[in-house]
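Summary of the model geometry
Here's the letter readout for the chains.
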Amino acid sequence: MSANDRPSGQPTKTAPTSATLATRDSAFMKACRREPVPHTPVWFMRQAGRSLPEYRKLREGTAMLESCMRPDMVTEITLQPVRRHGVDAAVYFSDIVVPLKAIGVDLDIKPGVGPVVAHPIRSRADLAQLRDLTPDDVHYVTEAMGMLTAELGSTPLIGFAGAPFTLASYLVEGGPSRNHENTKAMMYGDPELWAELLDRLAEITGAFLKVQIEAGASAVQLFDSWVGALAPADYRRSAMPASAKVFDMIAGYGVPRIHFGVGTGELLGLMGEAGADVVGVDWRVPLDEAARRVGPGKALQGNLDPAVLFAPTRAVETKTDEVLDAAKGLEGHIFNLGHGVLPNMDPDSLTRLVEYVHTRTARQ
């Protein structure tokens, strides 16, 4: 079928990279494709950094955004949890605001606060901050991914980006927000401006994920950390179209696309509809119930409460058993926490958890 014959909106199929071919038969990639696995694969959101003493030592004196732009540092930080914990996939060390910084948005990540935007977007004129992202803007990502895939071999590398709604929320609020009042004021009060903002962010996000895939990412995850603040009808109308556009932009690469949000129990079905191959589930909804809400044809990822890792080992194993039991019968399951690794978590507890899941789920 020629390009002219292809249905509108269907992207051209792109040949897999050598890195993707090397990881194709890994447990993680098989689970994403809902194929039989030798054991349930495990990785942790925010596994690269935060709780690791070797990470803190390496990052000492280096600002967060600077560390994201140094390929040597990104490579080492990304590899640290793979070496220490034996996880089934690496996740690229970066931050969701990196593509915004790369196109010139005046922002910084302030310790103890998070991303802070100097000039929040409140009017149509403010959209001028958001130009298109090119591969040259994030050349350090391409370099780091090349270094990583050479080191990782058959271990998949997960790329990631922030979803348009969450990025828009940071840009409109000017930083982290509890109630998202400015975000919702724009969304409800000026839906045309809101739609234009999200569409621009979808283009930037899709371009950022394309760079990562073409540099060797075996899978990608779209983080919508704040979208749980929306009711289902608002999500469908005001957030889902932009996320769907991102997923459609990268569909032709054939890599698994993971979608994750926090507090999204009521949105799980819609998040699957947006185009993900794998839907991430936080700890609030059991996986068997999540599977019912998402429907067939999707793998699930999750969903142990991160706080459980502070309990004694036996309690951790009991709660892990509950997650694994709820996952029985799923078309595909990737074990993860219901959100990210906490900074003061004992790294050894994560190592033990990986070993426990692998042992308990190993096929005889």
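The model shown is predicted, which means the values in this text are computed figures rather than measured ones.

It is worth spelling out the pairing of strand S6 (residues 257-261) at this point. For S6, the buried fraction is high: 5 of the 5 residues fall into the buried class. Alternating residues of S6 divide into Arg257, His259 and Gly261 and Ile258 and Phe260, and every residue in both groups is buried. With 5 bridges joining them, strand S5 (residues 219-224) and S6 adopt parallel strand pairing. Across the sheet, residue Gln221 finds its bridge partner in S6, namely Ile258. Pairing between S6 and strand S7 (residues 278-280): 2 bridges, direction parallel.

With respect to the secondary-structure elements, Val341 resides in the loop between strand S9 (333-334) and helix H16 (347-361). What makes Val341 buried here is its relative accessible area of 0%. Along the chain, Val341 and Leu309 lie 32 residues apart, while their C-alpha atoms are 9.4 Å from each other. Not counting chain neighbours up to four residues away, the residues in contact with Val341 comprise Phe44, Met45, Arg46, Gln47, Arg50, Ser51 and Leu350.

What follows covers helix H9 (residues 181-189). For H9, the complete set of buried residues consists of Thr183, Met186 and Met187. Relative to the axis of H9, the buried residues are bounded by an arc of 100 degrees and lie together on one face. Packing partners of the buried residues in H9 comprise helix H8 (164-173), helix H10 (191-214) and helix H11 (232-238).

One finds Phe28, Phe44, Leu130, Leu197, Leu201, Tyr235 and Leu353 to be the most contacted residues of the largest nonpolar core, which totals 126 residues. Excluding residues within four positions of it along the chain, Tyr235 makes contact with Asp224, Val227, Leu230, Met240, Pro241, His259, Leu267, Leu270, Met271 and Ala274.

Relative to the helices and strands, His259 is located in strand S6. The class of His259 is buried, set by a relative accessible area of 0%. Only 3.3 Å separates the side chain of His259 from the backbone oxygen of Leu222, close enough to count as a polar contact. The contacts of His259, once residues within four sequence positions are left out, are Leu222, Asp224, Tyr235, Ser243, Phe247, Met271, Ala274, Ala276, Val278, Val279 and Gly280.

The rules behind each value
- Residues numbered from 1 in each chain as written.
- Predicted model: local features only at pLDDT ≥ 70, side-chain atom pairs only at ≥ 80, totals over all residues.
- Heavy atoms only, no water.
- Buried < 20%, exposed > 50% of the residue type's maximum accessible area, 1.4 Å probe, protein only.
- Helix = DSSP H or I, 4+ residues; strand = E, 2+ residues; numbered from the N terminus.
- Pairing = 2+ DSSP bridges.
- Contact = heavy atoms within 4.5 Å.
- Arc of directions from axis to C-beta.
- Core = buried A, V, L, I, M, F, W, Y, C linked by side-chain atoms within 4.5 Å.
- Polar contact = N/O pair within 3.5 Å; in protein donor to acceptor, adjacent residues only side chain to side chain.

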